[in-house]
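Report on the structure
Chain by chain, the residues run as shown.
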Amino acid sequence: MSSKENFNQISPSEFFYRNRDLAGFSNPTRSLYTAVREFVENSLDACDHSGILPNIHMTIKAVDPEKPDPKPYILTVKDNGPGIPSKHVPLAFGTVLYGSKFGLKQARGMFGLGATMAILYGQITTNKPVKVKSNADGKTRFDFEMKLDIQKNKPVIMKKQETSSSEQGLSVSITLEGDYAKAGTKIRDYVYQTSLITPYATITFDDPKGEKFHHKSIIRSMPPAPTVIAPHPYGIDVETIRRMLVDTHYQIPNVDDKMIEKIRKELGMSKSKFTYKEIMKKTEKKWKSLTRPIRVVIALMSFLEADFEQLQKIRIEDVDLRNNKLVYWDYSTSQTLAVDMDTESPYYKQLANTVQGESLTHFLTKRFQRVGPTAALEFCKFAKFKPETRVGNMTDQELVKLSDALQTYEGFRSPDPTCLAPLGAEPLEKGIQRRFEPDFMAVVQRTASAYSGFPFVIEMGIAYGGKIESRGTNVYRFANRIPLLYDEGSDVVLKVVKDTDWNRYKVKSDSAPFIIVSHICSTRVPYKTVGKENVADRPEIEKELRLALQFLSRKLSGYMSKKGQAEAAKKRANLYSKYLPLVAQFCTELSGKKKEPNYKKMIKEETALNNTDQNKEVENNG
Amino acid sequence: MAKKTTKKVTKKETKKEKIDKSKKLIQALKNHGAQIYEDLENGEFPKFSIPNRSISNIIYDKKLRQYVLGTNSSLRSARNSSQLRSFTQLLWLAFFANKLTHEKKSSTLRDVYYSSQAFAVDFEDQQESDNIIVDLEAVLSQPREDFFVFPEERSSIFGDLTIEYTIPGYEGKTQNLSSHPDGYAIGPSMTSAQLTDTSAELVIAIEKGGLFTRFVEEQVDKKFKSIIINTGGQAPRSTRTLLKRLHDELGLPVVILTDGDVYGEHIAMVIKSGSANAAHLRELTVPDAKWMGVWATDIDKFKLPTIPMTESDIKRCYDLLKDPRYEEGLWKRELEVFIKIKRKAELEAFSKYGLTNITEKYLPKKLEESKSF
């Protein structure tokens, strides 16, 4: 082959620029909608996590209203959240894959990817900078104007300005190519449905045609915030384990001025210069009170027989326990050197433990949720590992074996749902009540369940009649408090609804004023696409949805049969009033009588009788 | 003339009978009305007891030689909201039938359907009103003709028979039925008329209008001293009633001439012993009537040109074999021959041997034969 191929690393920004379809930025209609979602969800997440009742104001304005769609729009989302400290602003909005959401807890977005994608999309379609106004302390507002350097994945600040302001919060404004004529319905639906599932938020939307949509908050209390927790063994893969192993606590610490300062403090030494021997002597006295990193550094020093000055001239390359050698790079001579380690030395154990890491049982109990000492031992038996195996010593093959075993072992308790933030039955009920004013409604919150190590909770509501305007089964789907509007065809919730035989519950599913609200909360909602619009049908989730729907349908069925009885009684009364007079007329003529029989009391009695029958029925049902 | 005198004696009896029958009907309707009136007056919901007409309740009565209804009956109550409507319809029909009978005004099934609309009693379609009419027949055990509801006329009669009309406007008028060669339609006025005089000694019921005309032209009435009736296919109930009266009141034997196929055989059987559809009614059958032909065995005997039977013809043969009336004798034998030869012959087939062949050769031969069975 004569042609030369260039292998270049591309930046995350570059990657997403090339694959923007994946993130929901495939065309002007979809992109405008996705951008709205990303900013609104970021604002809601931020408020949720700092316990602030969200007040969000969104504006979409055409740059040139006369132009036909698609055309540039200015999208601004302003919130009353915690804001972003000014030093983080450029990175947060100017790099892809920067965010505070890498922990394991429920949030609307996962990695803060979407907002940057929206900014990126705005920039490539209109070449306009993003404008960020952030006030994190309620005193100073920082205004930024910046662009994204796609190739370098770096922000380019064009303007920065400081003003004093007492209004805390964040405002982000981008200019992007969009098609409001087509996306408008979906965006309005999105805003409306978001207010339904976030009844504690006030959301205002000024649309490009000058219409204002204002959804005031219905409740004044927020559902409890989720906590960040350790992962569950079922939800883990080899790469995650590897990352957990290379945790800072168990690495050889960097020796810099800061570290030396720390050591001096812990040893209680005030002088600036110390000999090696003086340090060792002090150490022996203070060993018990020393912190782990300090112990490790001192252990190194003991083998190197080095003082602080010497220590700063070298870099530790390897602690070779097999050959009992400590390998280091000497800056002064520019060569790799090694010293032997005395295995009898008390410091050897310290160093070995650090390098080898914790024992497997310790690792399992401390770094995972739902694993106690007994479960850890049982698991080791199952996976054929020695409980005291040092995780730092594990080979790649052993790691794979460990990872596989973690997922196949059935003895772990199901995941901890405290990292979830369901809305709660009561707020959901209030939300549905206020937005639909139905004749009948019921809500249910299932207990937490899990699929492949990720906990989830299903919340569902059902409502019938009243001011529900739509006809037929209308399903409002939510996941982690996000409305799902596109791709409903392949969604698991709709599958479950469709599978239900509504006749059994006395509901005419194609013509009844009837809605279902479904909310899936999970640390990881199994979306089918990056666009986050439809949930895949995991058996565990499907089962929970089915149980929730069955529970609610039975309640609805009870209501429907009462309603049906009332209607039947009314119909019967109508029948009597229509036909009994005819019967009286005909039989009078037929029998040759002059006066009609006294039948009118029968109509009244019968109607009254039916009503009491029905009341009895109601009592029985109650 | 002795014969004629005896017939005139029966005439008076029948007149009396006829009046009784009509009175009985009016009384029955009145009784139903009075019962319902009383129920309403007492604050109770009235109901009709209607004999069950489902297949499970239709049984063959060997003694009567016809299908009859069993003892099952169902209640139609005004209390039951799903029955109230049809209860009202039934009562209305009783009321309407009473009116018709009083005024001696005839009406058709279709008339009934439209008349209901004047009384706010709505029938969804004629099918529904027809069903209610059958319900009333069952309640009263009387055919609808008795309460002056008639089907469309399609059968006719010809021969030396004098009748005296009873319908309003014609009371006392007499008519001899041999005056008009096209025959007389068998309608309400005919069925309700008195049969006063005849010289005939035989009634020939024939399936087809074409042959009826031929028979009149060939003066079969005179040659065989007979009254000729065109049944127009399956005989309507008014025609069957008339046949029964000719047999019972005038003592005339009835013979039946049909196409040589399974349907023809069954036309004869229905005249003789009724149909399952009318199991709720008596007085519609002529058990002594004789099927004269064309038999399956006649096809070979008279060398008749034939056409092949269709699948459904053959299926019909097998269905009828399951009917208790076809279990024995002539009826069974002929069916089995039809199944064997798988061919059928129409009455017109005799024309192969000349237009008068049927009246000159076949008819005398079969009449002679029929005396022996």
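In this report, the structure presented in the accompanying data block is examined.

What counts, and where the lines are drawn
- Residues numbered from 1 in each chain as written.
- Chains lettered and ligands numbered in written order.
- Predicted model: local features only at pLDDT ≥ 70, side-chain atom pairs only at ≥ 80, totals over all residues.
- Helix = DSSP H or I, 4+ residues; strand = E, 2+ residues; numbered from the N terminus.
- Buried ≥ 20, exposed ≤ 12 C-beta atoms within 10 Å, placed from the backbone.
- Contact = placed C-beta atoms within 7 Å.
- Nonpolar A, V, L, I, M, F, W, Y, C, P; charged D, E, K, R; others polar.
- Axes fitted to C-alpha atoms, helices over the stretch in contact; angles between N-to-C directions.
- Parallel < 35°, antiparallel > 145°, perpendicular 65-115°, else oblique.
- Left-handed = near helix turned anticlockwise from the far one by under 90°.
- Pairing = 2+ DSSP bridges.

Section: the overall build of chain A
Counting its secondary structure elements, chain A contains 18 helices and 17 strands. The buried share among the 622 residues of chain A stands at 39%.

Considerations on the interface of chain B and chain A
How big an interface is tends to be stated in terms of accessible area lost as the parts join. Between chain B and chain A, the residue contacts involve 23 residues of the former and 19 residues of the latter. Per element, the largest residue contribution to the side of chain B that touches chain A is nine residues, and it comes from helix α1 (residues 2–41) of chain B. Its residues assigned to classes, the side of chain B that touches chain A comprises 14 nonpolar, six polar and three charged.

Regarding the packing of helix α6 (residues 238–245) of chain A against helix α14 (residues 396–408) of chain A
Residues and elements named next belong to chain A. For the pair α6 and α14, the least separation of the axes is 9 Å and the interaxial angle reads 115°. Looking at the two axes, α6 sits roughly perpendicular to α14. Crossing geometry of α6 relative to α14 is assigned as right-handed. Side by side, α6 and α14 meet where V238, I241 and R242 of the first sit next to L399, V400, L402 and S403 of the second.

Structural notes on the pairing of strand β2 (residues 71–79) of chain A
Residues and elements named next belong to chain A. Taken together, the six bridges between strand β1 (residues 55–62) and β2 define a ladder with antiparallel strand orientation. Pairing of M58 across the sheet is with V77, part of β2. Of the pairings in the sheet, the one linking β2 to strand β6 (residues 169–178) comprises nine bridges and is antiparallel in character. Residue Y73 lies in a different strand from β6, and its bridge partner there is L176.

Topic: the sheet that holds strand β11 (residues 335–340) of chain A
Strand pairing in a sheet takes place through backbone hydrogen bonds and is either antiparallel or parallel in direction. Residue and element names in this part refer to chain A. Strand order in this open sheet of three strands is β9-β10-β11, and the pairing throughout is antiparallel. Unpaired on one side and paired on the other, β9 (314–320) and β11 mark the two borders of the sheet. The mean angle between the axes of side-by-side strands here comes to 25°, regardless of whether they run parallel or antiparallel. Two strands pair when backbone bridges link them, and strand β10 (residues 325–330) and β11 are joined in this way by six bridges, in the antiparallel orientation.

Topic: the sheet that holds strand β15 (residues 290–293) of chain B
Residues and elements named next belong to chain B. A sheet is described by the order of its strands in space; here six strands give the open sequence β10-β7-β13-β12-β14-β15, paired in mixed fashion. Only two strands of the sheet have a single neighbouring strand rather than two, namely β10 (184–185) and β15. Bridge count for strand β14 (residues 254–257) against β15 is three bridges, and the pairing is parallel. Looking at the pairing, L257 lines up with G293 of β15.

Notes on unusual backbone geometry
Glycine aside, the phi torsion of most residues is negative, and most peptide linkages are trans. All names here are of chain A. In this structure, P70 follows D69 across a cis peptide bond, with omega equal to -5°. The topology assignment puts P70 in the loop between β1 and β2. Of note in the backbone geometry, R481 takes a positive phi value of approximately 65° without being a glycine. Note on placement: R481 falls in the loop between β15 (472–479) and β16 (482–484). For R481, a count of 23 C-beta atoms within 10 Å puts it in the buried group.

Here we look at the packing of helix α11 (residues 311–321) of chain B against helix α12 (residues 329–341) of chain B
Angle between the axes and distance between the axes are the two parameters that describe a pair of packed helices. Residues and elements named next belong to chain B. Remark: α11 packs on α12, axes separated minimally by 10 Å, with the N-to-C direction vectors making an angle of 150°. In terms of their interaxial angle, α11 and α12 are classed as roughly antiparallel. Where α11 crosses over α12, the handedness of that crossing is left-handed. Together, I314, C317, L320 and L321 of α11 and L335, F338 and I339 of α12 make up the contact between the two elements.

Comments concerning the environment of A28(B)
Residues and elements named next belong to chain B. Among the secondary structure elements, A28 is positioned in helix α1. Among the residues examined, A28 registers 17 C-beta atoms within 10 Å and is labelled partly exposed. The spatial distance from the C-alpha of A28 to the C-alpha of V139 is 9.7 Å, given a sequence separation of 111 residues.

Worth remembering: the numbers are spatial, not functional.
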